[in-house]
Structures are given as C-alpha cells and as structure tokens.
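Remarks on the overall topology
Here is what each chain is made of, one letter per residue.
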Amino acid sequence: MKDILNDLNEEQRVAVTATEGPVMVIAGAGSGKTRVLTYRIAHLINKGIDPFHVLALTFTNKAAREMKDRIIKLLGSSESANVWMGTFHSVFARVLRVEGQKLGYPSNFTIYDTDDTKRVIKAIIKDLQLDDKAYQVSYVYHRISSAKTSLITPEDYIQSPEIQEQDKSANKPLLGMIYQAYRKRCFQSAAMDFDDLLLNTYKLLRDFPEALYKYQHKFEYILVDEYQDTNYLQYLIVKMLAANNENLCVVGDDAQSIYAFRGANIQNILSFRKDYPEAQVYKLEQNYRSTKLIVEAANQVIKNNKNRIFKEVWTHNDQGHKIQVFRAITDGEEGMLVAGSIFEQRMNTHSPNEAFAILYRTNAQSRSFEESLRKLNIPYRIFGGISFYQRKEIKDVLAYFRLIINNKDEDALLRIINYPARGIGKTTIEKLQVIAEETGRSLWDTLESPGRGHFNEGTFQKLSAFATMIRSFSAMLGKKDAFELARHIMHAAGIKRELEEDKTPEGVNRSENVEELLNAIKEFATAPTPGPSPLEGEELELRASLADFMKDIALLTDADVEDKTNTDKVSLMTVHQAKGLEFPFVYIVGLEENLFPSIQSLNDRSDLEEERRLFYVAITRAQQRLFLSFAENRYRWGNLTFCEPSRFLEEIPQELLEFPRKASPPRPTFHPKDNFSDIITPKAPKINIPGHYKKVIGTQSPAGSVPASQEPMVEVFPGQEVEHPQFGKGKVLAVDGQGANKKVTVFFAGIGQKQLLLKFARLKVVTHDT
DNA sequence: ACCGTATTCAGCGCG
DNA sequence: TGAATACGGT
C-alpha cells in the first residue's frame, strides 16, 4: 500500500494526521480542503479505525457522494462505504426513523420540504382568517424557521415580551399562534420539516441519555465540512455528539460564509477555540486553483472585512492575465459583451464551453446572457430554477405515495383529494376539515367514515370511492415493489390519463417528467443502492419498496439529479450555486451598487460583509481568467434604471484590472474619455432619456425579447400566415386594438383558435418568397 | 368547476 | 417585465 500522506503538502499532512482531539482547519479557497477531508478519513481507516465509527457531515449530498467516491478510489476498497457520510439532514433523518418513536413519531414520518411547509403555513393563515398580506408566507416561514433553529418553542415565542413586541411593531402580532398551529399540524400529520430533522435530533440527544450514549459511541470520529455554514442547532448537535471523546474535526473558511441570511452562524467557526481551548487550529493557505493575480485580487477584496480570521492565501501558480472589466450601456449590451468575450476566448484558447461560467447575484439576471449566448450559438446550461422534484406534476404524484405510506399526512391528502378532478370540491373539503376538527380525528379518518348525515349520497360515494382506492394502494405497499406500485397508481388513479389529455407543449413536458419519475423509480427498484451500515433497528428488505424510495426523496435537490444531456456547455448560475465549483474562465456580471452588493445589504455592516464574502467566493472560482462586468442602465421590474458601478470594483487594485475598449459585435464605439475613474465615480448621470437607448436595444434584442419601443414587431393583418414559437404555424383571423394592446386572433392547426397580445406573442410572419 | 383577466410582487437557497 | 396567484363571471 502506498503511503497516501505523500500526496499532501506539509500543511495538509499535519491537518490530516492530527486525528485525536478537537481540530479546526481553516482552509482558504482552492487550498485542497476536500483533499484534506478525504485523506483524513482514509488515514483514519488506514490506522485501523472502523469506518462504521466515522461520521462525516457535508454541506450537500453531492459533496458526500463525491468524497465517498474519492476515498474508495484512494483506498482501493469499498470498505469506506461504511463511513457515515452525508448531510446533517440525511444522516439524522435516518437516525430519527429508528429513534423517532421516543419523540412520538412513527418511523414512516413524512419529510416536508420547503414547498410543503409553505403550503401548510398558507393553509393555516387562511384557516385563522388572517390577512395574507400582513402575514406573508415566506416571512412567516422564516420566522418559524429561525425560532426553531434558536430553540424557541411556540410557547416561548408567545410568552416572550421581546418577541411579541417585535411582532406587534411589524404588525404581525399573531405569528406565535401560527407557529403553534403549524407545529401541531405537522406533528399530527406525522411530518417533520427540515428544521424539525435537526431540532428533533437535538431533543433526542438532550432528553434521552441512552440515545446520547449510543450515538456518542457510534460516532467516535466526527468531521464537519463547510463548518462556516452550520447553524446553531447543527452546532449543538455536533457538540453533544463529540462531547465524549472530542475527536472532532471541523473544516471551513470564514471568508466563504455566505449563508448567514438563512441562519448559518459564522460565530460557530470564530468561537471554536473558546469551545475547545485545547483545539489544534491549522490553516491551509496555499492555493492550487488560481493565478497569482486572481488570488491577489481576492485577498485585497476580503481585506475590507473586519470580522474575519486572519489568513494570507498565496500561490505558486503563474502570474496570469489581468482581470478584464467590461462596462456596458445596458444589461442587454452586457450580455453581448460577455457572450462575445466567451466566443473570442474559446477561439483563442481552444477551450471547451464547459470551461466558462457566468456568475450573477440574482437568478433574474440570466436572461440577457441566455439571449446573447443563443445568438452566438454558444450552448449553455442554467443552474437553479425549479428542481425536478419541485415540479408540480411530480409533487402531485409523490403526494399519492406520501399518503399511502403515511395516511396522517394531511398536506398530501389535500393535494390529491381532487387531483385528478373527481368532484370533491372546496365545499366538501372544508366540511371534512370542520368535522375532523370537531371530532378530533385526522382528516383521513374523517374522510374514510365521515359519519351519517353530513354529506349527500353523491358526495359520499365520491369520498368512499377515493378512500377505497387509497386503501387498496396502501395494501399493495408490502406486496409490490416500488416501480410496480408506482405504475399501478399512475394508471388506477387516472393520473396518466389526466396528463396525456393535455396536448399543449407544457402538458407534454409534464407528462414526460412524470415518465422520468417512473424511470427513476424503476432504476431504484431494480438496483437498490447499497446503503451504508444498517442502523440497529433498521429493517432490511429484499426488494426496494415505494416506502424506501420515498424515505429521503424530500432531501434530494437539483444537484442530485444528474443531467445526462449536459456535456459541453457554458454554465450560468448564481454565485451561491457556484460555491465549491471552479472554472478556467469566470465572468462575474452585474457588478453594480444595489445589485451586487444587493440593496438589502447596504444598511448593515454584517450584511455588507456577507456580500463581500460572496464576491470573494465568486472571484476564487476562477482558475485562469477572470472577467467582471457591469451595466450603467438595467431593466429592473420593468423599467430602465440607472446603475452605479459596484464598490467592490474599487476594492480591487487598479493595476490588476484592464478595460478593453473594444466592443464585441458591431456597436457604436465609446468615447476615449470613458476610462475607469470616470466609471467608478460617475458624476452626474449623463443621459437617461429612454429614447437614446431604444436604438441600442432595438438592434440587439433578438426576436424573442420584448422591445422597448411601441411599434409592434410585426405587421399583421387578417389572412396572413404567422408562426408562434409554441403553437407553430397559424392563420390570422382578426386584429383588434391599438398600439401596445393590439390583439390578434390566430387559428393554429391542431390547436385551435387563440387570442394573443401582439406585444408578447413573439409572432413571426411566414413569408412566401417566390 | 373552470376559464380568462386583474393584480401583485420582485434576494441569495443547503436540506 | 413576467410569473404566480386571486378574483369574478359563466
């Protein structure tokens, strides 16, 4: 066996071999953090530590999978598959399936994802007849989530004068009531949301000494990745688990903490030494990823933050090119400049598309880049958006599975009680809920036997037909495997028919998605993934059942669904999504005040510092070349607004930057006086007359975009043949209205008659030359 | 129950 | 701007 320690530099080797006692590794960007973690685990196993006793907690499922693969490769044995590796949520969900009874949960509890959680909150706000404008679902969700993370129970919440004061002044005095109702409803539904997975794990360890003992001895060695992004609950859990022998190794980079907004606590990393005075702290400062210039730029930027652990990242790599800064007149032009630059760099360096990434602050910025890339025929892939398992059609199908596995799952029941439409309408559902409330039974029980006289014969029939169907599915749970049962449900419940009836492109797409879900289930059922060591009390089954499939489906995210079609494409994503990734060529775009840094961050020093860390993360994704861009004018919420360049641009030393004056595709040349100092401190905004930009935009906008001008894009008249991107070719029957509101009635073959607003319809005139 | 229309709202998103 | 949802008429 070769000595794996030879693959490491001195700093890394020290961090890997210090296996006993508390260790903190501060790992600068690109310094081989993952390497240290994987080698450390491999080293532990080489030393004879049983993999069953090693717990490694990662930030994403993907990270866990990749790390596991690397360790297996490193050790050349699959022994390391027995390491407990995963996210906090997935590891402790598994623990709770076994131990949850202690807390009053059945082992088949449902996991509510953010969507489900918000649906429940929404329903509660409605039931309590509160104003849904004052009580916005996302706001309530955040409040509840942070209360849970801070170990504040609904009772604490209601009794705390301080919190009540806050909520009153925010005009939301009844938030505590919502929180209370929410907790009750989740518990009665035998459901845990993401915060509950952590909260209940904490309660388990806190209130059940035998459980604490068991897991303290099970997990002799604990490693936590991305420690800067852990929240208070995660911190407490780790602390309790590690309390016995303190073989705890946390790895992170305070400079890359970018999730404070959702509860991550940078204090966890900053105060590690206080919690463990005897802790060994190591820094990894040699960067293997980026050029000297990029490392220097990143260092200079992060220097402006006060709250940080000192470290100086350096590299042996080449000096590299200067950072190019593009100044664009509009966001549309920004797209063209960036796409043009990618085109050029790709040519000059013979790099594949996948070497390029465009990173932006907000998802809404992707559009101009998509358009420009499409125009230049550069293939791209957008990350983010709605993930596969979040799609409505998928969630509808999954709700059937949820209900038959756990018939207390009220959200699932409500979701499918009338999908596909079976004549159980709003009135009936409300009646059921009232009866359930009065009799103290679950909604499902009520539906199964509503009691005499509540419903007329027709409604009663519909309800019992539904109940019978669901019961019959439940009965098959133990008999059919996941795929057989899923397919059966799709047919028997009429989901398949419902989906296939919709012939619109969106409908076909939905149908395909559900088909894809079935494929995934089939794959799962025929080749069950060899899970890690079974927990004591976990049951092993021969064939993968639907219940197995559903166990952690809520814990999957987009990153876990592999994209087979994704090969050589430019990546478009938010900076947050880029965390942990690297690309030879990186474009950071939209570097404007109020956008990056975001407008919400400007009032608070710590928020601004988080934005700066975000920028730091963005810069350090680049291996060879970095490009920055900003627009002087940008469409935001429908109107053109003037933008100032980001303060972050000033924080990079000028000598590291260059400003190509050359505009990519044909466009008016800029004045020589447009140098950077002029840009950084814009005096009076020169021109802000919409008319001035119209021409620029007009010539750039591809046919797909909505032009700013009032003139319609096409002249249409009855009898004309036109083409629509979705509906295909059709014939204009009538034109009504004036100007912006001009409406056309078009007959599309195979689809029928459609009324379209000319302004939006993206119609193309079909010309018949000859 | 369902459809078209009006209105509203807009941050980043791990699990 | 445009998506998502609420509303209101049939």
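Residues numbered from 1 in each chain as written. Chains lettered and ligands numbered in written order. Predicted model: local features only at pLDDT ≥ 70, side-chain atom pairs only at ≥ 80, totals over all residues. Heavy atoms only, no water.

Quick word on the overall build of chain A
Helix and strand counts for chain A stand at 32 helices and 23 strands. Here chain A, with 770 residues, has 52% of them falling under the buried criterion. Taking the intrachain contacts of chain A between residues at least 6 apart in sequence as the baseline, contacts between residues at least 24 apart amount to 75%. Total accessible area on chain A is roughly 36,000 Å²; 52% of this is exposed by carbon and sulfur atoms. (Helix = DSSP H or I, 4+ residues; strand = E, 2+ residues; numbered from the N terminus. Buried < 20%, exposed > 50% of the residue type's maximum accessible area, 1.4 Å probe, protein only. Contact = heavy atoms within 4.5 Å. Areas by Shrake-Rupley, 256 points an atom, 1.4 Å probe, with all protein chains shown as cover.)

Concerning the packing of helix 1 (residues 10-17) against helix 2 (residues 33-46)
Interhelical geometry of helix 1 versus helix 2 gives an angle of 45° and a closest axis separation of 8 Å. Judged on the interaxial angle alone, helix 2 and helix 1 are oblique. As for how helix 1 packs across helix 2, the hand of that crossing is right-handed. Contact residues: Q12, A15, V16 and T17 in helix 1; R35, V36, Y39, R40 and H43 in helix 2. Considering only residue class, the contact of helix 1 with helix 2 consists of four nonpolar, three polar and two charged. (Axes fitted to C-alpha atoms, helices over the stretch in contact; angles between N-to-C directions. Parallel < 35°, antiparallel > 145°, perpendicular 65-115°, else oblique. Left-handed = near helix turned anticlockwise from the far one by under 90°. Nonpolar A, V, L, I, M, F, W, Y, C, P; charged D, E, K, R; others polar.)

Brief notes about the sheet that holds strand 6 (residues 221-224)
One open sheet holds the six strands; their spatial order is 3-2-6-7-1-8, and the pairing between them is parallel. Each edge of the sheet is formed by a strand with only one pairing partner; in this case those strands are strand 3 (84-87) and strand 8 (280-284). Neighbour-to-neighbour, the strand axes of the sheet open up by a mean angle of 15°, direction not taken into account. Of the strand pairs in this sheet, strand 2 (residues 54-58) and strand 6 are connected by four bridges, and their pairing is parallel. Across the sheet, residue A56 finds its bridge partner in strand 6, namely L223. Each of strand 1 (23-27) and strand 8 touches helix 1; the most contacted strand, strand 8, lies at about 150° to it. Helix-sheet contacts for helix 4 (residues 88-99) involve strand 2, strand 3 and strand 6, and the interaxial angle to strand 3 is about 115°. (Pairing = 2+ DSSP bridges.)

So, the nonpolar core
Among the nonpolar cores identified, the biggest contains 51 residues, and Y400, F401, F466, I470 and I489 are the most heavily contacted of them. Of the residues forming this core, the biggest block, nine residues, is contributed by helix 18 (residues 392-405). I489 has contacts with Y400, F401, I404, F473, G494, I495 and L546, leaving out every residue within four places of it along the chain. By size, the runner-up hydrophobic cluster in this structure holds 48 residues, among which are L55, F109, M192 and I237. (Core = buried A, V, L, I, M, F, W, Y, C linked by side-chain atoms within 4.5 Å.)

Overview of the confidence of the model for chain A
When pLDDT is low, close inspection of the predicted coordinates is not appropriate. Considering every residue of chain A, the mean pLDDT works out to 82; 82% of them sit at 70 or more. No element of chain A has a lower mean pLDDT than helix 31 (residues 690-700), which averages 25, and none a higher one than strand 15 (residues 583-588), which averages 97. Confidence over residues 663-714 falls short of pLDDT 50; this stretch has 69 contacts with residues more than four positions distant or in other chains. (pLDDT = per-residue confidence, 0-100.)

Brief notes about the pattern of salt bridges
Under the definition given, this model contains 40 salt bridges. Among the salt bridges present, the one from E593 reaches R647, with a minimum N-O distance of 2.7 Å. Separated by 54 residues along the polypeptide, E593 in the loop between strand 15 and helix 28 (605-619) and R647 in helix 29 (residues 647-650) bring together distant segments of the chain. Relative accessible area serves as the criterion here: at 13%, E593 is assigned to the buried category. Taking the relative accessible area as the measure of exposure, R647 reaches 28% and is therefore partly exposed. Taken together, the shared-partner salt bridges in this structure form one network comprising D113, D116, R119, K395, R402, D409 and D411. (Salt bridge = Lys/Arg side-chain N within 4 Å of Asp/Glu carboxyl O.)

Examining helix 3 (residues 61-75)
Since one α-helical turn is 3.6 residues long, residues separated by three or four positions face the same way. With 15 residues, helix 3 extends 21 Å between its outermost C-alpha atoms, agreeing within 8% with the 21 Å of an ideal straight helix rising 1.5 Å per residue. Taken together, the buried positions of helix 3 are N61, A64, M67, K68, I71, L74 and L75. On an axial view of helix 3, the arc spanned by its buried residues comes to 155°, and they lie on one face. Those residues of helix 3 hidden inside the fold are in contact with helix 2, strand 2, strand 3 and helix 4. Note on helix 3: the residue one or two positions beyond its end, G76, has a positive phi of about 65°. (Expected span 1.5 Å × (residues − 1). Arc of directions from axis to C-beta.)

What to know about unusual backbone geometry
Here the residue pair Y419 and P420 is connected by a cis peptide bond, since its omega of -10° sits within 30 degrees of zero. Relative to the elements of secondary structure, P420 occurs in the loop between helix 19 (410-416) and helix 20 (426-439). Here the residue pair F596 and P597 is connected by a cis peptide bond, since its omega of 10° sits within 30 degrees of zero. Looking at where P597 falls in the secondary structure, it is placed in the loop between strand 15 and helix 28. Not every positive phi belongs to a glycine, and Q129 is a case in point at roughly 55°. Examined against the element boundaries, Q129 turns out to sit in the loop between helix 5 (114-127) and helix 6 (137-149). Located in the positive-phi region is E246, a residue other than glycine, with phi close to 55°. You can see E246 is positioned in the loop between helix 12 (232-242) and strand 7 (248-252).

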